[in-house]
Amino acid sequence: MARETTYLELSQDGGGAHKFYEVIVDGTAVSVRYGRIGAPGQLQSSSFPTVEKARSAAAKKIGEKVRKGYAPAVQGQRAARSVTRRQVTSAPSTARAVAPVLWRFRTGSAAFGIHVDEDRCWVGNQAGDVYTLSHGGEVLARYSLPDGVKCLVADEFWIYAGCDDGTVYDLSSKVPFGAYAIAADVDIYWLDIHEGVLDVSDANGGLTVIDHEDEHQWSRKSAGTSAWMVRADERAVYHGHSGGVTAYAADGTGQLWHSATPGGVLFGWQEEHSVYAGTVRNTVQRLSKASGATEATYRCDAAVYSCATSPDGRHVFAGDSSSSVYCFDADGHRLWKLGTGGGSALSMQYLDGRLYLVTTDGSLVCVDASEQAIAAAQQGSVPAPMDVKSAAALPVFTPAASASAVATVSMAAVASEPAGGVVVECVQQGGRMRVQVVSDGFEQSWNVQFPRGIREAGARYVVDGLHPASGGFYRVRGEIRRLV
């Protein structure tokens, strides 16, 4: 019996929806692929007892989309909508001395994504490459994602990469998977995540909040555009844009405060009681999380592309558009200004006496920010930076392209409670496909953060690692295998 394919698109003028929906009936199997026009999209597959039931289910899905405005189309005739990339310039530093760079790793493309933890350093660039390195500069692994990496964010020890294809990938396992799919009409600028809740700021000054099961929670439109800053905690979401910083209640019930800044916001950082906004008018503003009041101002000599702090905000760091990096005390007094030795710092993070930068020339740079090293640098004495090379045999991890990429194991090959693995099951509840734990010893009422593309009613999977998250759900950290 021949396969039956129905391809639909919904494309709206003025930056609205631009997405496709494809249904394929192949005997008793129904596959649904959906996403942004021009992108591979996500895939869901289901099987039915008879061909008639498969066709009926497909007709129902198609009818639902047609009623929402989708129409038959020819795949490939409409191009993907252009993605807004941060337009930046980088002038030579005006500092008299260069920062003490310990090592430098060139990724090959401009980089915005950075995350540094106790174990390793992460960098993501606009070519879709994500690398992990040791603190000593050894390249450990590489991930190859389908599109440019907007930013890297961490939630406890889970790492997520937000990409220009509208997908947020979980990189916590060897095989990345799409944990969140951002609506096709949202032009992503920046992301943050807190207890599994994803916060997305966009080109139009919008804010979209999505829960750990990839379900839309709430959205707001701030007074400005070009929302490059979003930071979140248990109390609020702090949204920085061309008109300043706006704080919204974490549950979406309303605006808490708004503070105008001297110029549009280009980057944001947070500590327990304060948020920091780097602006086009050469300043970093420290704002009270409680009220939005300005607590301190840190003045640079050019537009501020990035900022960060040492713990509790004792020192504040900033990177400007002229390839300089600054350090201030908490009250705003400038302690030093040095050149990066390369491009301008687009993102940065401080850890254990070192300042890590990702730059316009695509480098991850490790700076010795200790008092001794900085004092020596100001006198013109800096170490020769190590130029880190990526090993030819470095493993490269890519996302599973479809449901078929998930390993399938036979029931005869594994027990229903396999040693070292946990069994989870897809369950239809109130119109939503949830994933719950079947194995003993787990909280049965909690749901599991799980790839949408392989959720299928009644399907069971074995996961090698399942960890509780503080938001009251489980996260996968390990291989996913389907039981058949």
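Numbers given to residues run from 1 along each chain, matching the order in which its sequence is written. Reporting of local features is limited, given that this is a predicted model, to residues whose pLDDT is at least 70; pairs of side-chain atoms are given and counted only at 80 or more, and all residues count toward the totals for whole chains, interfaces and linings. The basis for every side-chain value is the complete set of non-hydrogen atoms in the structure, without hydrogens or water.

Draft legend 1. Representation of the overall build of the protein chain within the structure. Working definition: helices are DSSP H or I runs of at least four residues, strands are E runs of at least two. Numbering for both runs from the N terminus. Helices and strands together make up the secondary structure of the protein chain, namely two helices and 43 strands. Atoms counted for the radius of gyration: C-alpha only. Globule rule: 2.2 Å times residue count to the power 0.38. The C-alpha atoms of the protein chain give 24 Å as radius of gyration, which agrees with the globular expectation for 484 residues (23 Å, within 12%). Along the first, second and third principal axes, the C-alpha set of the protein chain runs to 80 × 50 × 45 Å. Using a 1.4 Å probe, accessible areas were evaluated by the Shrake-Rupley method; residue-level cover was limited to the displayed protein chains. Carbon and sulfur atoms form 48% of the exposed surface of the protein chain, whose accessible area is close to 20,100 Å². One way to put it: in the protein chain the 44 positive side-chain charges average out to a point 5 Å from where the 51 negative ones average out. In this tally, Asp and Glu contribute negative charge and Lys and Arg positive charge; neither His nor the terminal groups of the chain are included. Where a charge lies is defined by one atom per residue type, namely NZ (Lys), CZ (Arg), CG (Asp) and CD (Glu).

Draft legend 2. Broad picture of helix α2 (residues 371-378). The classification of residues rests on relative accessible area computed with a 1.4 Å probe and restricted to protein chains. Under 20% of the type maximum is buried, over 50% is exposed, and intermediate values are partly exposed. Inspection of α2 places A373, I374 and A377 among the buried residues, and these make up the whole buried set. The buried residues of α2 occupy an angular sector of 95 degrees when the element is viewed end-on, so they sit on one face. More than 90 degrees from the buried face of α2, the exposed residues found are E371 and Q372. On its buried face, α2 is in contact with β30 (334-339) and β33 (363-368). Taken from the residues just after α2, G380 is the one with a positive phi, measuring 95 degrees. Each C-beta atom gives one direction from the helix axis, and the arc is the one those directions make. Note on contacts: a residue pair qualifies if any of its non-hydrogen atoms lie within 4.5 Å across the two residues.

Draft legend 3. Quick look at the side chain of H115. Assignment of secondary structure puts H115 in strand β7 (residues 111-116). Residues in contact with H115, not counting those within four places in the same chain, are R120, C121, W122, L152, A154, I159 and Q349.

Draft legend 4. Summary view of the pairing of strand β40 (residues 460-463). Here, any two strands with at least 2 DSSP bridges between them count as paired. Judged from the four bridges that link them, strand β37 (residues 422-429) and β40 form a sheet pairing that is antiparallel. Directly across from V423, in β40, lies its bridge partner V462. In the sheet, β40 pairs with strand β43 (residues 480-483) via four bridges, with the strands oriented antiparallel. Residue pairing for β43: R460 is matched across the bridge by L483.

Draft legend 5. The arrangement of the environment of H258 in detail. Topologically, H258 is positioned in strand β22 (residues 255-259). Spatially, the C-alpha atoms of H258 and G108 are 39 Å apart, while their sequence positions differ by 150 residues. What H258 contacts, discounting residues up to four positions off in sequence, is H241, G243, G244, V245 and T246. Pairs of N or O atoms are called polar contacts if they sit within 3.5 Å, as long as, within protein, a hydrogen donor faces a hydrogen acceptor (for residues adjacent in sequence, only side-chain-to-side-chain pairs). A distance of 3.3 Å separates a polar side-chain atom of H258 from the backbone oxygen of G243. Looking at H258, its side chain comes within polar contact range of the main-chain oxygen of V245, at 3.3 Å.

Draft legend 6. Layout of the environment of V438. Relative to the elements of secondary structure, V438 occurs in the loop between β38 (432-437) and β39 (448-449). Each C-alpha atom, one on V438 and one on C151, is 35 Å from the other, the two residues being 287 residues apart in sequence.

Draft legend 7. Expanded view of the sheet that holds strand β10 (residues 139-144). A sheet is described by the order of its strands in space; here five strands give the open sequence β7-β8-β9-β10-β35, paired in mixed fashion. The open sheet has two edge strands with one neighbour each: β7 and β35 (396-397). Examined bridge by bridge, β10 and β35 share two bridges and lie parallel to one another. Bridging across to β35, R142 finds its partner in V396.

Draft legend 8. Spatial organisation of the pairing of β37. Two strands pair when backbone bridges link them, and β37 and β38 are joined in this way by six bridges, in the antiparallel orientation. Paired with E425 across the strands is Q436, a residue of β38. Counting the residues between successive antiparallel strands, the hairpin from β37 to β38 contains two residues, one of them, G430, with a positive phi of roughly 55 degrees.

Draft legend 9. How the structure looks around the sheet that holds β39. Within the open sheet, the three strands sit side by side as β39-β42-β41. Their pairing is mixed. A strand with exactly one partner marks an edge of an open sheet, and here the two such strands are β39 and β41 (466-469).

Draft legend 10. Geometry of the pattern of salt bridges. Should a side-chain nitrogen of Lys or Arg be within 4 Å of a carboxyl oxygen of Asp or Glu, the pair is scored as a salt bridge. In the structure shown here, the tally under the stated rule is 20 salt bridges. Residue E9 is joined to R78 by a salt bridge in which the shortest nitrogen-to-oxygen separation is 2.7 Å. Note that E9 is positioned in strand β1 (residues 4-11) and R78 in the loop between β5 (71-72) and β6 (101-106), a separation of 69 residues in sequence. According to the relative accessible area criterion, E9 is buried, its value standing at 4%. Among the charged side chains, a salt-bridge network with shared partners connects D211, E213, E215, R432 and R434.

Draft legend 11. Representation of unusual backbone geometry within the structure. Look at E156: it is not a glycine, yet its phi comes out positive at around 60 degrees. For E156, the location among the structural elements is in the loop between β11 (149-155) and β12 (158-163). Positive phi, normally seen in glycine, also occurs at N282, with a value near 70 degrees.

Draft legend 12. Local environment of the confidence of the model for the protein chain. Per-residue confidence from the prediction method is given by pLDDT, with values spanning 0 to 100. Confidence along the protein chain averages 88 in pLDDT terms, with 92% of residues attaining 70 or more. Predicted confidence for residues 410-415 stays below pLDDT 50, and this span has five contacts to residues more than four positions away or in other chains.

Draft legend 13. Fine view of the environment of Q378. The residue Q378 is located in helix α2 in this model. Among the residues examined, Q378 registers a relative accessible area of 42% and is labelled partly exposed. Along the backbone, Q378 and S45 are 333 residues apart, and their C-alpha atoms lie at a distance of 61 Å. Discounting residues that sit within four places of it in the chain, Q378 has contacts with A97, L335, W336 and L338.

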